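Residues per chain, in single letters:
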Amino acid sequence: MDRNKEFEQTLVLIKPDALKNSLTGYVLSLLSEFHTGLRFAGAKIVYVGRMLAEEHYAEHQGKIFFPSLLEYIMGKLHYPDEPWKRRVIALVYQGPDAVQKIRDICGPTNPLVARDKSPGCIRALGTLVSLKDNNGKVIGERMDNLIHASATNEDAEREIKLWFKPTDIPPFMRAYPIEMNQSSYYFEAGSLYLTHEPARICLLAPGDIAWKTDIDALRLLEKGLQTGGSLGSVAAKYLINTERDVE
Ligand code: CDP
Ligand code: MG
């Protein structure tokens with residue numbers, strides 16, 4: 001067995017438009033082990049807060065569609081008046097060529113291109129939505145394309161560690177190194193703390209298992225207790241469904 005191939009992982013998000021259109025079962029069928037040879041390594045229903053959304057799509061910061069993309073992945077566009085329906089399904093798939101196999105089944109990013117070039121792919125069922133400025137002038141478009149899938153193995157590692165704790169994944173399925181944490185780490189309003197206060201949420205307690213890269217980042221951050229991007233990427237998964245990243 002080629003361990004590296006067998007353990008290749010990718011992150012899939014079933015986005016709010018797919019949930020609203022009740023396409024979950026269809027998507028899961030297309031991605032099933034029978035069709036792809038890939039296995040589930042993790043699954044969760046996630047209320048997507050702004051911090052998680054910004055971290056997930058950090059590479060698109062500054063682009064014209066970025067604010068709208070955040071509202072889309074947060075579920076605010078498809079469920080403006082029903083916050084309790086805002087969620088995505090986050091999945092980790094594992095097996096040989098996981099990244100490329102799932103990208104192929106998803107198809108091109110733009111649903112119009114997907115329909116043209118790759119009929120039958122998941123994103124061929126997506127839609128384009130016009131983006132307008134305050135005067136109603138069309139300034140661009142957003143692509144509602146039903147599903148996210150990691151684009152490269154590097155993206156997959158970053159994204160899986162952003163959405164999942166090691167303990168969300170069965171021990172023998174974990175692809176990235178873990179470590180036992182020895183310190184107490186708390187979070188409040190974008191900052192890291194080493195002591196508890198009522199408003200602070202505990203990220204990690206001594207004895208908790210965490211991604212090794214996260215513990216390395218926290219050790220650096222605690223020296224200066226700085227805030228910033230790297231704290232968000234560590235903290236976001238610990239705030240999932242806690243109501244701390246809710247608006
Ligand atoms: O999702 P994928 O990796 O295929 O595409 P991306 O270029 O990384 O963009 C991330 C997401 O932003 C897309 O899936 C679209 O939902 C959205 N997007 C958009 O709305 N308008 C664009 N011009 C490009 C991307
Ligand atoms: Mg991408």
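Residues numbered from 1 in each chain as written. Chains lettered and ligands numbered in written order. Predicted model: local features only at pLDDT ≥ 70, side-chain atom pairs only at ≥ 80, totals over all residues. Heavy atoms only, no water.

Caption draft 1: Here's a closer look at the sheet that holds strand 2 (residues 39-46). Read from one edge of the open sheet, four strands run 2-3-1-6, paired in antiparallel fashion. Taken across any chain shown, the strands that pair with only one partner, and hence form the sheet edges, are strand 2 and strand 6 (147-149). If you compare each strand with its neighbour and ignore which way they point, the axes differ by 15° on average. The sheet contact formed by strand 2 and strand 3 (residues 88-94) spans seven bridges and is antiparallel. Across the sheet, residue Ile-45 finds its bridge partner in strand 3, namely Ile-89. The strands touched by helix 9 (residues 153-163) are strand 1 (9-14), strand 2, strand 3 and strand 6; relative to strand 1, the strand with the most contacts, the crossing angle is about 60°. (Pairing = 2+ DSSP bridges. Helix = DSSP H or I, 4+ residues; strand = E, 2+ residues; numbered from the N terminus. Axes fitted to C-alpha atoms, helices over the stretch in contact; angles between N-to-C directions. Contact = heavy atoms within 4.5 Å.)

Caption draft 2: View of the domain arrangement of the protein. By domain assignment, the protein separates into domain 1 (3-164) and domain 2 (178-245). If you average the C-alpha positions of domain 1 and of domain 2, the two centres end up 26 Å apart. Contacts between the two partners involve 13 residues from domain 1 and, on the opposite side, 14 residues from domain 2. A buried area of about 1,100 Å², summed over both sides, lies between domain 1 and domain 2, and 59% of it is on carbon and sulfur atoms. Per-residue buried area on domain 1 facing domain 2 is highest for Met-51, Glu-55 and Lys-161; these three make up 49% of the total on that side. At the surface where domain 1 touches domain 2, the tally comes to zero salt bridges. Counting across the interface, domain 1 meets domain 2 through six residue pairs in polar contact (both at pLDDT 80 or more). (Domains from an automatic or database assignment. Buried area = accessible area lost by both parts, 1.4 Å probe. Salt bridge = Lys/Arg side-chain N within 4 Å of Asp/Glu carboxyl O. Polar contact = N/O pair within 3.5 Å; in protein donor to acceptor, adjacent residues only side chain to side chain.)

Caption draft 3: Geometry of the nonpolar core. Val-48 and Trp-163 are the most contacted members of the largest nonpolar core, which has 46 residues in total. Among the elements that take part in this core, helix 11 (residues 229-239) stands out by supplying six residues, more than any other. For Trp-163, the contacting residues outside a window of four places in its chain are Leu-11, Leu-13, Lys-44, Val-46, Val-48, Leu-52, His-56, Val-88, Ala-90, Asp-168, Lys-237 and Ile-240. Core analysis: the next-biggest nonpolar cluster, separate from the first, contains 19 residues, Ala-18, Leu-31, Ile-102 and Ile-122 among them. (Core = buried A, V, L, I, M, F, W, Y, C linked by side-chain atoms within 4.5 Å. Buried < 20%, exposed > 50% of the residue type's maximum accessible area, 1.4 Å probe, protein only.)

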